[in-house]
Amino acid sequence: MLWLVVILGIVHAREVLGANILILEGLASPSHHVFMRVINEALARQGHNVTSISADVEANPVANLTYLHNDKVYEHIYQGYDPDGNMNLMEFGSGGNLATIIEVDEFYRNTLTGIKKSKGYQQLLAYPDDFKFDLIIYDYMALPVLLGFHHKFRNPPLIGLTAFNGISPSVFFVGSSFYPAYIPFYFGSGFRDTFFGRIENTFLNYFDYFFRNYCTLPKMHSMVKDDFPGLPPLSELERQMRLVLINYSPAVHDPEPMLPNVIPIAGMHMQQIKPLPKDFQEILDNAKNGVILFSLGTNVKSWMLGEERIQKFVNAFRKLPQYTFIWKFDNEEVPNVPKNVIIKKWVPQNDILDHPNAKLFMSHCGLLSTLESTWHGVPILGIPIFLDQFTNAELLQKSGISETIFIKDVTTEEIAKVIAKMMTSSNYRNNAKIRSQLFRDQPQPPLERALWHIDFILRNPDVEFLRSKSIHLDIFTRHNVDVIVFVVVILMIFLCVVRKILKLTCGRRKSSNPLKQKTN
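Structure report, in brief. Remember, it's a predicted structure, so these values are computed and weren't measured experimentally.

Bringing a nonpolar patch on the surface into the picture now. A cluster of nonpolar side chains, contributed by Val-483, Val-485, Phe-486, Val-487, Val-489, Ile-490, Ile-493, Val-497 and Ile-501, occupies part of the molecular surface with about 780 Å² of accessible area. In this structure, Val-497 sits in helix α19 (residues 481-511).

Here it is as structure tokens:
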């Protein structure tokens, strides 16, 4: 009997291991690459042959992992900004939610322009059309900027993967529905749980849907159709996804309905904690009253704050000499920095947050940073800058583990006051610990869950039972808008007919009234 088990195990391993997997990292973002890199390397270590096309690459990738570098993307996206070619994201989306949707559209089309000029894109185009990829995984938050390769390589099984909390955007290709009555638009800000707030939220969801499908995607299609002869509509390619892996956890985010092929894997990028470098270890060990980590992530640079805001933070930190601040800053020569502030160009963020002396995290509330802080039970002082960061900050504040300051009009006194409040109140820390326990209490590690579902698709490439038939319905049919309109029209017709009958009946009664005739 043992030999049979061994044989079956070998057969199963051959079905899963050694597959050719193409990863499409279309979104130019160092933080998204940090997330995607975990999957790239994990699949390569399993024995798969992994090819990743990305604007961010590793100098020394692990065995079985090959990067094709889209080397012109950042150069093109940030062209025309500061002398070093950097885009000041402090102003991104400052015109409101509608302006942000339009700016995001422009950002992705600029990304695609840079991709088409890149070496990695041309390398992958040069692959023969009959090259066999057993699976394609793509970061769908970049829209289908690279999905033409799915058509080129004859439509192998397709999986969506994103570092974003992507339930709402998955509407476009798994067939789920909008829930604007209580789920904020996925990168909107200022959701109001009122009647007019729900009207605004509904409008944003539908505007984004139609703008995406009838403006952005056709433009992208026209940009790449010559590179991929016979290319079908990009929305049609998206709908071929077998399942979606999203950076979501109900312990962190507002619960919302999910289809069975939408798999939450929040926390996947937090690998085993590494020992801190010696200088960081000494800083944290020697901080008697705790360390406050200040980082705005990988996309927003601290210089983008501007000199006036930078000095507001410097002066606020000077007012709190009892605490040690580690500030991730791209320029180590910040003027007037007090002794309790340590400037570092790079910080091992996840490892620092695991240290017991990490007491507070001043963060832009990007999702990866939010999840890391939540996992380690460290309260957050939210400083949202753009996109989903505002929604993340609102969720954190509602859970009692965060406060929020708004960078555009913040003062030195406000910064110092809120830091002192969060450092001296135990409520934030206690709530953060509870949240951490809930987040960690999972039946299996998130990365293990992600890999199992990827292997499942490799074993069952033609699986259909997870996919909802609603994917074939237009957005109006899916939400019964046609039924509602039909019922309203019928009701209006009925009311008009009743009104007409009553009017005729009343008119006849008046004309036949003998008292009225006698009076006349």
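What follows picks up the thread again.
For strand β8 (residues 291-295), the buried fraction is high: 5 of the 5 residues fall into the buried class. The alternating pattern of β8 places Val-291, Leu-293 and Ser-295 on one face and Ile-292 and Phe-294 on the opposite face, and all of these are buried. As defined by bridge partners, β8 adjoins strand β9 (residues 324-328) across 4 bridges and the pair is classed as parallel. Residue pairing for β9: Ile-292 is matched across the bridge by Phe-325. Remark: the β8/helix α11 (residues 307-318)/β9 crossover connection has right-handed handedness. Note that β8 and strand β11 (residues 358-363) share 5 bridges and pair parallel. Looking at the pairing, Leu-293 lines up with Phe-361 of β11.

A separate point is the sheet that holds β11. A sheet is described by the order of its strands in space; here 6 strands give the open sequence β10-β9-β8-β11-β12-β13, paired in parallel fashion. Here the strands that pair on one side only, and so sit at the sheet edges, are β10 (341-344) and β13 (402-404). Recorded for the sheet is a direction-independent mean angle of 20° between the axes of neighbouring strands. α11 rests against β8, β9, β10 and β11 of the sheet, and its axis sits at about 160° to β9.

Below, the discussion takes up the pairing of strand β2 (residues 49-54). For β2, the buried fraction is high: 5 of the 6 residues fall into the buried class. Two strands pair when backbone bridges link them, and strand β1 (residues 20-25) and β2 are joined in this way by 6 bridges, in the parallel orientation. Each residue of the ladder has a partner; that of Leu-24, found in β2, is Ile-53. Following the chain from β1 across helix α2 (residues 30-45) to the adjacent parallel β2, one finds a crossover that is right-handed. Pairing analysis gives 5 bridges linking β2 to strand β3 (residues 65-69), with the strands arranged parallel. For Ser-52, the partnering residue across the bridge sits in β3 and is Tyr-67.

Interhelical geometry of α2 versus helix α17 (residues 446-459) gives an angle of 60° and a closest axis separation of 11 Å. Between α2 and α17 the crossing geometry is right-handed. Between α2 and α17, the contacting residues are Val-38, Ile-39, Ala-42 and Leu-43 on the first element and Leu-447, Ala-450, Leu-451 and Ile-454 on the second. A class-by-class count of the residues in the contact of α2 with α17 yields 8 nonpolar, no polar and no charged.

Parameters at a glance
- Residues numbered from 1 in each chain as written.
- Predicted model: local features only at pLDDT ≥ 70, side-chain atom pairs only at ≥ 80, totals over all residues.
- Heavy atoms only, no water.
- Patch = residues over 30% accessible without salt bridge, like charges linked within 9 Å, V, L, I, M, F, W, Y side chains within 5 Å.
- Areas by Shrake-Rupley, 256 points an atom, 1.4 Å probe, with all protein chains shown as cover.
- Salt bridge = Lys/Arg side-chain N within 4 Å of Asp/Glu carboxyl O.
- Helix = DSSP H or I, 4+ residues; strand = E, 2+ residues; numbered from the N terminus.
- Buried < 20%, exposed > 50% of the residue type's maximum accessible area, 1.4 Å probe, protein only.
- Pairing = 2+ DSSP bridges.
- Right-handed = clockwise from strand over helix to strand, strands pointing away.
- Axes fitted to C-alpha atoms, helices over the stretch in contact; angles between N-to-C directions.
- Contact = heavy atoms within 4.5 Å.
- Left-handed = near helix turned anticlockwise from the far one by under 90°.
- Nonpolar A, V, L, I, M, F, W, Y, C, P; charged D, E, K, R; others polar.

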